[in-house]
Amino acid sequence: MIEFSKATRQDNLDKMAKEPLDLLIIGGGITGAGVALQAAASGIKTGLIEMQDFSEGTSSRSTKLVHGGIRYLKTFDVEVVSDTVKERAIVQQIAPHIPKPDPMLLPIYDDEGPTTFDMFSVKIAMDLYDQLAGVKGTKYENYTLNAKEVLEREPYIKKEGLQGAGVYLDFRNNDARLVIENIKQAAADGAYLASKVKATGFLYKDNKIVGVKARDLLTGKTLEIYAKVVINTSGPWVDKIRNLNFTRAVIPQMRPTKGVHLVVDAKKLPVPQPTYFDTQKHDGRMVFAIPRENKTYFGTTDTDYDGNYTDPKVTQDDVDYLLDVINKRYPDANLTIHDIESSWAGLRPLLMGNAGSDYNGGDNGSLSDHSFDKVLNIIGAFKQNQASRTDVEDVLNHLENSRGEKELSPSQISRGSSLEREADDLISLSGGKITDYRKMAEGAIELIKKILSDDFSQTYTDINSKEYAVSGGDFDPAKVEETVTENAAGGVSAGLSSEDAHYIADFYGTNALTIFEFVKDFPAYDQLSIAESAMLRYAMVAEMTLTPSDYLMRRTNHILFQRDRLDAIKHPVLAAMADYYAWTEDEKAEYLVELNRVINTSDLKELKAGAN
């Protein structure tokens, strides 16, 4: 086990202040974490600072899926689907304990006006999707259900107008865990990383950026970090970081949108598998309903946002919108705001020039009239046996989007991303989506290595990032279930129940073995189970978990998906951390206030207080 703790945080800050770096990364979400992993693995002397907890911004607030992008097939954007499913497969290879296959059900109705798919087009889309994803002939190959079969599987879904459904492969994800496992691997490879450190300005030489001024938010101390290359991977904050350079005008790049998700008990909304459907509002959006840990969560909204980036809030309008959608799709649910156990709001770091958001599977661009006519004509011919499936697929592969986004611009690494070196030498890597994080990082590393070679005559090892595993992912991705079962046996031998051992083995990958050693070597914290105690100790020693909120919201799923256990463990967790970190009573009280604020926000306490 590599220690990655509050102690190593201070050591990392000391080293960053004393030793010039090759690369300094601003932002510890998924993009910065991916860059840090590849840079450190290549031997680049790397530092990373994050003003909040790792992943606390956008990267812990997604729909928690690693999409294959079937939504793009409604505009027949085959290239994007091809790129997305290939990249998704790579992420599953390098982090096999995190993305897990979880087939998605897409119900089809005939009484809702214009919709995304009908039973004919969904089968074409799914077949093409499987071909691109390389799952034809496997257990994950798509299939269709008739209306009766859909209702047997999901008896609470709307019956009127139901034609059937398509079922296709998608992957559930733990977004915050994906970030921290990238961060931990970067640390293991020698990177200096620290959370709760805010960039406050730049250091210059001849009007070029040569480092960053920063403030340690735990101590209030300031430091200067020098680096040959500085990269801005701050997600929605990209423009705010760019604007720290007061010597020139900065043209905004970002257009953040907000997405909201709500969580209820599975008994209130029984959904046996992830389900993806039109909103019935004819607004071009789609919504997910996804089962997870005896809960069901649903979302998302997609609205332009100009509020507080650090703490976006769920509003009454967000709640009303999603409850209206979900209660129409599941008419017997009759959910109200009081049924919501937890929630989250996140910002999607869209680029200004990106024509449409795909955050919730919404409209990413419309087909040109010419292309739309071609689709109608070829499908009509196919139905009359005057065209083959190959003819149909050929047309789909050569369509154009009316918004002119078919081709990537030179600065794009993936759809909706941007990689730019600015006049002051700051590199900004922005936009994109979580599925593309490795690919975006790979493009950035190529540029960083070129700069270090051209400007500083430094060369570094090339790694194959498609095969370089994150922390906990160093096992055969084709044998996930077997590995979990084998590792869980070690947890049972250490004294855990079979259920707890399996949960930890599934959640932490090979890092579970360290947690099982903690089970054997350390007693349980007061009022916490031995399993919880071992997870908490591991979080503090190996995952730079500095506050109870870090642990309960991002290192584990307690606040979002285990709300019914939260009240019983929050004070024991606080007490254990206070003892471990030797907090004063005042510090302990401050952390409790912060934790209650986070929980109350997730609980929608204020909105519920004003509801009937």
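Predicted, not measured: the structure shown is a model, and the values here were computed from it.

How each quantity is defined
- Residues numbered from 1 in each chain as written.
- Predicted model: local features only at pLDDT ≥ 70, side-chain atom pairs only at ≥ 80, totals over all residues.
- Heavy atoms only, no water.
- Helix = DSSP H or I, 4+ residues; strand = E, 2+ residues; numbered from the N terminus.
- Rg over C-alpha atoms; globule rule 2.2 N^0.38 Å.
- Buried < 20%, exposed > 50% of the residue type's maximum accessible area, 1.4 Å probe, protein only.
- Contact = heavy atoms within 4.5 Å.
- Core = buried A, V, L, I, M, F, W, Y, C linked by side-chain atoms within 4.5 Å.
- Axes fitted to C-alpha atoms, helices over the stretch in contact; angles between N-to-C directions.
- Parallel < 35°, antiparallel > 145°, perpendicular 65-115°, else oblique.
- Nonpolar A, V, L, I, M, F, W, Y, C, P; charged D, E, K, R; others polar.
- Expected span 1.5 Å × (residues − 1).
- Arc of directions from axis to C-beta.
- Salt bridge = Lys/Arg side-chain N within 4 Å of Asp/Glu carboxyl O.
- Pairing = 2+ DSSP bridges.
- Left-handed = near helix turned anticlockwise from the far one by under 90°.

Student: How should I be thinking about the overall build of the chain in this particular structure?
Tutor: A count of helices and strands for the chain gives 20 helices and 20 strands. Radius of gyration (C-alpha) of the chain: 24 Å, near the 25 Å computed for a compact globule of 612 residues. A principal-axis box enclosing the C-alpha atoms of the chain has dimensions of 75 × 60 × 50 Å. Residues counted as buried form 61% of the 612 residues belonging to the chain. Restricting the contact set of the chain to residue pairs at least 6 apart, pairs at least 24 apart contribute 72%.

Student: I'm lost on the nonpolar core in this one. Help?
Tutor: Side chains that are nonpolar tend, in soluble globular proteins, to be buried together. The biggest cluster of nonpolar side chains holds 114 residues, and the ones touching the most others in it are Leu193 and Ile448. Ignoring any residue separated from it by four or fewer positions in sequence, one finds Ile448 in contact with Leu23, Val35, Ile44, Val229, Ile231 and Ile427.

Student: For this particular structure, what's the right way to read the packing of helix H16 (residues 548–555) against helix H19 (residues 585–603)?
Tutor: Axes are the key here: two packed helices are described by the angle between their axes and the distance separating the axes. At a minimum axis separation of 8 Å, H16 and H19 run at an interaxial angle of 30 degrees. By the angle between their axes, H16 is roughly parallel relative to H19. In this structure, H16 contributes Pro548, Ser549, Leu552 and Met553 to the contact, and H19 contributes Tyr591, Glu594, Leu595 and Val598. Of the residues assigned to the contact of H16 with H19, the class counts are six nonpolar, one polar and one charged.

Student: Looking at this structure, how should I read helix H12 (residues 480–494)?
Tutor: Since the α-helix packs 3.6 residues into each turn, any two residues three or four apart lie on the same face. Taking 1.5 Å of rise per residue, the 15 residues of H12 would be expected to cover 21 Å, and the 21 Å separating its terminal C-alpha atoms lies within 8% of that figure. Of the positions making up H12, those classed as buried are Val480, Thr483, Val484, Asn487, Ala488, Gly491 and Ala494. The buried residues of H12 occupy an angular sector of 130 degrees when the element is viewed end-on, so they sit on one face. Opposite its buried face, H12 presents the exposed residues Glu481, Thr485, Glu486 and Ser493, each directed more than 90 degrees away. On its buried face, H12 is in contact with helix H3 (78–94), strand S4 (100–101), helix H13 (498–508) and helix H14 (512–521). Gly495 lies just past H12 and shows a positive phi near 115 degrees.

Student: Is there a simple way to explain the pattern of salt bridges in this structure?
Tutor: Working definition: two side chains of opposite charge can pair if their charged atoms are close together. Using the criterion set out here, one finds 42 salt bridges in the structure. The partner of Glu181 in a salt bridge is Arg177, with the nearest N and O atoms 3.3 Å apart. In this pair, Glu181 and Arg177 both sit in helix H6 (residues 175–188), four residues apart, roughly one turn of the helix. Judged by its relative accessible area of 0%, Glu181 is buried. Classification of Arg177 as buried rests on a relative accessible area of 1%. Between Arg563 and Asp567 there is a salt bridge, and its shortest N-O distance comes to 3.1 Å. With Arg563 and Asp567 both in helix H18 (residues 563–581) and four residues apart, this pair spans about one turn of that helix.

Student: I'm lost on the environment of Phe202 in this one. Help?
Tutor: Here Phe202 is to be found in strand S10 (residues 197–205). By relative accessible area, which is 4% here, Phe202 ends up buried. Taking the C-alpha atoms as reference points, Phe202 and Lys213, 11 residues apart in sequence, are found 5.5 Å from one another. Those residues within four positions of Phe202 in sequence are excluded, and the remaining contacts are Ile26, Ile209, Gly211, Val212, Lys213, Ile241, Leu244, Asn245 and Leu426.

Student: Would you take a moment to explain the sheet that holds S4 for this structure?
Tutor: To summarise the sheet geometry, strands pair through backbone hydrogen bonds and adopt either a parallel or an antiparallel arrangement. Spatial strand order, S3-S8-S4: three strands in an open sheet with antiparallel pairing. A single partner strand is all that each edge strand has here, and the edge strands are strand S3 (65–66) and S4.

Student: What is the right way to look at the environment of Leu350 in this model?
Tutor: Inspection of the secondary structure assignment puts Leu350 in the loop between strand S18 (342–348) and helix H9 (369–383). Residue classification places Leu350 among the buried residues on the basis of a relative accessible area of 1%. Put simply, Leu350 and Arg255 are 95 residues apart on the chain and 5.2 Å apart in space, counted from C-alpha to C-alpha.

Student: How should I be thinking about the packing of helix H2 (residues 30–41) against H6 in this particular structure?
Tutor: Where H2 meets H6, the axes come as close as 8 Å, and the angle between the chain directions of the two elements is 25 degrees. The angle between the axes of H2 and H6 places the two elements in the roughly parallel class. Of the two possible hands of crossing, H2 and H6 adopt the one that is left-handed. Here Ile30, Ala33, Gly34, Ala36, Leu37 and Ala40 of H2 lie close against H6, whose contacting residues are Leu178, Val179, Asn182, Ile183, Gln185 and Ala186. In the contact of H2 with H6, the residues fall into nine nonpolar, three polar and no charged.

Student: Sorry, what's going on with the pairing of strand S12 (residues 222–232) here?
Tutor: Note on strand geometry: in a regular strand, side chains alternate between the two faces of the sheet. The pairing of strand S1 (residues 21–26) with S12 spans five bridges and is classified as parallel. Counted as the bridge partner of Ile25 is Ile231 from S12. The turn joining strand S11 (residues 208–216) and S12, which pair antiparallel and follow one another in sequence, is formed by five residues; a positive phi near 85 degrees is taken by Gly220. Across two bridges, S12 lies against strand S20 (residues 427–431) in parallel orientation. Opposite Asn232, over in S20, you have Ser428 as the bridge partner.

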